[in-house]
Amino acid sequence: MPHDHHKTSVLPELLAPAGSPEALAAAVAAGADAVYLAGRRFGARHYAANFSDEELESAVGYAHLHGVRVYVTVNVLVRDAELPDVARYLLHLYEIGVDAVLVQDLGVAALAREIVPDLILHASTQMAIHNREGVARAAREGFSRAVLARELTLSEIEDIAADAGARGIGIEVFAHGALCYCYSGQCLLSSVIGGRSGNRGMCAQPCRKPYRLMAAGTDEYGRPRNLRAVPGDDRYLLSTRDLSVYPRLDVLARAPVASLKIEGRMRSVEYVATVTAIYRRALDAIAAGEDWSPSREDMRDLALAFNREFTEGYILGAREIMARDRPGNRGLPLGTVTGYDSRRREATVRLTGDLVPRSGDGLAFCTDDPDRDAGAVVRGTPAVRSGTVRLSVPAPVDPGARVFLTKSADLEERTKRILERPLQPLPLDVTVVWEDGTPDLEAVVDPDGGEPLRVRYRSDLVMEPARSRPLIEEQIAEQLTKTGGTPFAIRNLTLRYPGGLFAPLGELNRVRRAFLERVGEAVLAARRPGEDAVHAARERAGKAIAGLERPAGSGREERLPSVSVYTSTLEEAEAAVRGGARTVYLEVSVPGLLEEAAAVCREAGADLVWKWPSITRRTFLDAAAPLLPSLYHAGVRGVMVSGTGAADAVRRAEPRMALYGAAGLNLWNHRAAAELAPLFLRCTASPELPADDLAGLAALAGDTPELEVLVQGNVEAMVTEDRLAAAVTGKEPGGRFLGLQDGRNRVFPLRCDNEGRTYIANAVETSLIDRLPRIAGMGIDAVAIDARGRGARYAGDMAGIYRAGIDAAGRGDPGMLSALKDEVKRRALGGITGGHFVRGIEE
């Protein structure tokens, strides 16, 4: 739907979610400039209704006829076997004229550039872009827009935008909706717990479950001893509030961002309509130069639509991000229970504000224990007496329970009005001329603020000279300006009517309908590629698919991998080298320790690699990058990073430094490997890959980059800006073991880095010691053990065990591998699992 705000001020685009055709209609009716949606495959919201291929085409047409752009999410990680289908899907999206696709997987982006280079690419927030180097890299890789990590502050975004602006890339930020606890795209918690991968659109939201913070001493292998719960009232330690920048929308409206995004493809139609309409009104008021301020009524409606308690988020510097007391919808506070009549099943509620429940409202009765919360629907509007009401509740509720309005009949009525109001039509300037009695019609339409589109239509109607009562201009104009039921309105009508002609009015109506249908087809065709472009894209797609389905080459040769160890202390690094590690990744912030470790490694013929944290924001890069030349001279020969932006920062600071890619790069397929090869000496395959998919990746990736597989340790499952331990304990964590205990008594190890960031690992330790023959058969170059925080004994022992395991694999000695597996079990934290390598992920 076109909006007049484009004529008064430059505003960021308002981007709304459309998880279903009904939600799409709601977003358009409420005033979205653009919508984002997904097909039935390859989108990161698998459990939304989503769109079939036919529905997608209809959705694009519907949106374009109302001046709304459509972005389709293709933002999951993709296996090699799925790449042919992705290629076909990208071609389909191109042919139907989608305005952009959102992508996470570098391999998918490369495929899009090859097949449909004209298709606009947006870098999904699941790429976890969080520094200006990352945005610059996205621009060089053909992305027109980057959806930044939600953890960035406005000052960081302004810094990034100032740098990215010269490269012509737009910045998109989230403005409203749910927040992830972990950096998007870096979360494996749902995956390691139950096989439902967030990177495949199937997140089970374990962050909304209850946990207890546990503390303990450690044994010689870094395992907890004498676990005890840390006192605290909150149970939902990973549950975030919902984002809402509405109270300070004027600040973001002036920020250098291209788009403000509303989260919520899993939300209701009412949510989409309400939130979009409120942000639309506010943005239009700001654009018009009005003295805008947040409306109390709008804040109330936003809360009623859905909220877990609002926060202005990291983007606006909010101090409160978390809602650890309960994970669900809060609604609006209504009152407090003062009594319960079990015979009548009625609760007496003292109202605490001006809200009064009415028939059809939904209520939640909340205690300190969310498991004991009760819900009710109001039947009949209750009478208010002395500030109290009596409400029917099917289950007993205790005095003191808080009552919240979670569903509002009034809001539903307002939503219905939004959905029923007529859409703003596309204006047409129409000229009609007659040639030999036949009306020729031409429309000039400006559907998207670009070059005017001219549509000509020569009708098949021949108007005869009138015998008695010729049609006059007013009669013709009345018939031709009837546009009800179409997305158009005749703004100006010019008739060059010679007069004296006659035709039945029904015939003029038929001509009008055919003409408007032709205009609609032309408007949609203008947003789609031409026949020649489609033909060329189909040829490119055919060649690409043939290559993907019948890949050339014989794959990698079988080889015995070397051993790598992740460490966090000098002692762990020294022990790893003694155990036989050929590569030591050391994650520390003290350059002196790196120099000492480099000397130890050099003496043993091993490589010392500085492991950077998963997230490298500006403060870290500005401090770390200048150290690289001197560290290289001291014998540090590589840096391990989790993002291509950080890789570029390393390359610029010290071009001689080798680059190693961590699991955070989310390497799933050989096309992504090819994209990473020019930068990286070695990359870690995603720990989510099953054995068969890993074998396929290795076979197709060639010998560059080298491939490494995480084979031992508690897999890092989350990285978050939340200072969890400090928030719960009131102080920064010391040298003790910390973990999160879930409802099944599993304990997930927790650590904090030097910037206060929290990392959460899987409760069960991955161990692939008995799978080394299969891994060697794939031609994998190196296997990695994560010994960070586990102490020197663990680092040394595990390096030795895997060194012996590789030798046993080379000899074909399964008995030795079985014995070594028993040795691993004796040192493991939380037991051992073959992980996704063995069991795969849920589809």
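A quick note: this is a predicted structure, and the numbers were derived from the prediction, not measured.

Trainee: Would you explain the overall build of the protein in this entry?
Mentor: Counting its secondary structure elements, the protein contains 27 helices and 38 strands. Taking 2.2 N^0.38 as the reference for a compact globule, 843 residues should give roughly 28 Å; the C-alpha atoms of the protein span a radius of gyration of 31 Å, in line with that estimate. Across its three principal directions, the C-alpha atoms of the protein cover 110 × 75 × 45 Å. By residue count, 58% of the 843 residues in the protein fall in the buried class.

Trainee: Honestly, helix 6 (residues 132-140) in this entry has me stumped. Any pointers?
Mentor: Side chains three or four residues apart in an α-helix point the same way, a direct result of the helix having 3.6 residues per turn. Of all the 9 residues making up helix 6, 7 are buried; the element is thus mostly covered by neighbouring parts of the structure. If you check which residues of helix 6 are buried, you get Glu-133, Gly-134, Val-135, Ala-136, Arg-137, Ala-138 and Ala-139. For helix 6, the secondary structure elements touched by its buried residues are strand 6 (143-147), helix 7 (154-164), strand 7 (170-178), helix 18 (618-624) and helix 20 (644-653). Phi turns positive, to about 95°, at Gly-142, one or two residues after helix 6.

Trainee: Sorry if this is basic, but what is going on with the sheet that holds strand 21 (residues 453-458) here?
Mentor: Working definition: the strands of a sheet are paired by backbone hydrogen bonds and lie parallel or antiparallel to each other. The strand order across the open sheet formed by 4 strands is 21-20-19-23, and the pairing between neighbours is mixed. Bordering the open sheet on either side are strand 21 and strand 23 (488-496), each of which pairs with just one other strand. Neighbour to neighbour, the strand axes of the sheet diverge by 20° on average, direction disregarded. For strand 19 (residues 426-435) and strand 20 (residues 438-445), the ladder comprises 8 bridges, and the chain directions are antiparallel.

Trainee: Sorry if this is basic, but what is going on with the pattern of salt bridges here?
Mentor: Pairing between side chains of opposite charge can happen when the charged atoms of each approach one another. A full pass over the atoms with the stated rule returns 80 salt bridges. The partner of Arg-358 in a salt bridge is Asp-410, and the shortest N-O contact between them spans 2.3 Å. You can see Arg-358 sitting in the loop between strand 14 (346-351) and strand 15 (362-366) and its partner Asp-410 sitting in helix 12 (residues 409-420), a full 52 residues away along the chain. Classification of Asp-410 by relative accessible area gives partly exposed; the value is 31%. Between Arg-757 and Asp-753 there is a salt bridge, and its shortest N-O distance comes to 3.5 Å. Several salt bridges converge on common partners, so that one network encompasses Glu-156, Arg-617, Glu-721, Asp-753, Glu-755 and Arg-757.

Trainee: Got a minute to help me understand the sheet that holds strand 34 (residues 747-752) in this structure?
Mentor: A sheet is described by the order of its strands in space; here 6 strands give the open sequence 9-8-33-34-35-32, paired in antiparallel fashion. Every other strand in the sheet has two partners, leaving strand 9 (224-229) and strand 32 (716-720) as the edge strands with one partner each. On average, each strand axis in the sheet is inclined to that of its neighbour by 30°, with strand direction left out of account. Pairing analysis gives 4 bridges linking strand 8 (residues 212-218) to strand 9, with the strands arranged antiparallel. From the neighbouring strand, Gly-217 faces strand 9, where its bridge partner is Arg-225.

Trainee: Looking at this structure, I do not really get the nonpolar core. What am I missing?
Mentor: Within the largest apolar cluster, 161 residues are counted, with the highest numbers of intra-cluster contacts made by Val-72, Leu-238, Phe-365 and Leu-740. Residue contributions to this core peak at 13 residues, all from helix 10 (residues 269-287). Ignoring sequence-local partners within four residues, the contact set of Phe-365 consists of Val-337, Ala-347, Val-349, Asp-373, Ala-374, Ala-376, Leu-391, Val-393, Val-397, Arg-402 and Val-403. Listed in part, the 80 residues of the second largest apolar core include Val-565, Tyr-632, Leu-659 and Leu-679.

Criteria and cut-off values
Residues numbered from 1 in each chain as written. Predicted model: local features only at pLDDT ≥ 70, side-chain atom pairs only at ≥ 80, totals over all residues. Heavy atoms only, no water. Helix = DSSP H or I, 4+ residues; strand = E, 2+ residues; numbered from the N terminus. Rg over C-alpha atoms; globule rule 2.2 N^0.38 Å. Buried < 20%, exposed > 50% of the residue type's maximum accessible area, 1.4 Å probe, protein only. Contact = heavy atoms within 4.5 Å. Pairing = 2+ DSSP bridges. Axes fitted to C-alpha atoms, helices over the stretch in contact; angles between N-to-C directions. Salt bridge = Lys/Arg side-chain N within 4 Å of Asp/Glu carboxyl O. Core = buried A, V, L, I, M, F, W, Y, C linked by side-chain atoms within 4.5 Å.

As far as function goes, none of this settles anything; it's purely spatial.
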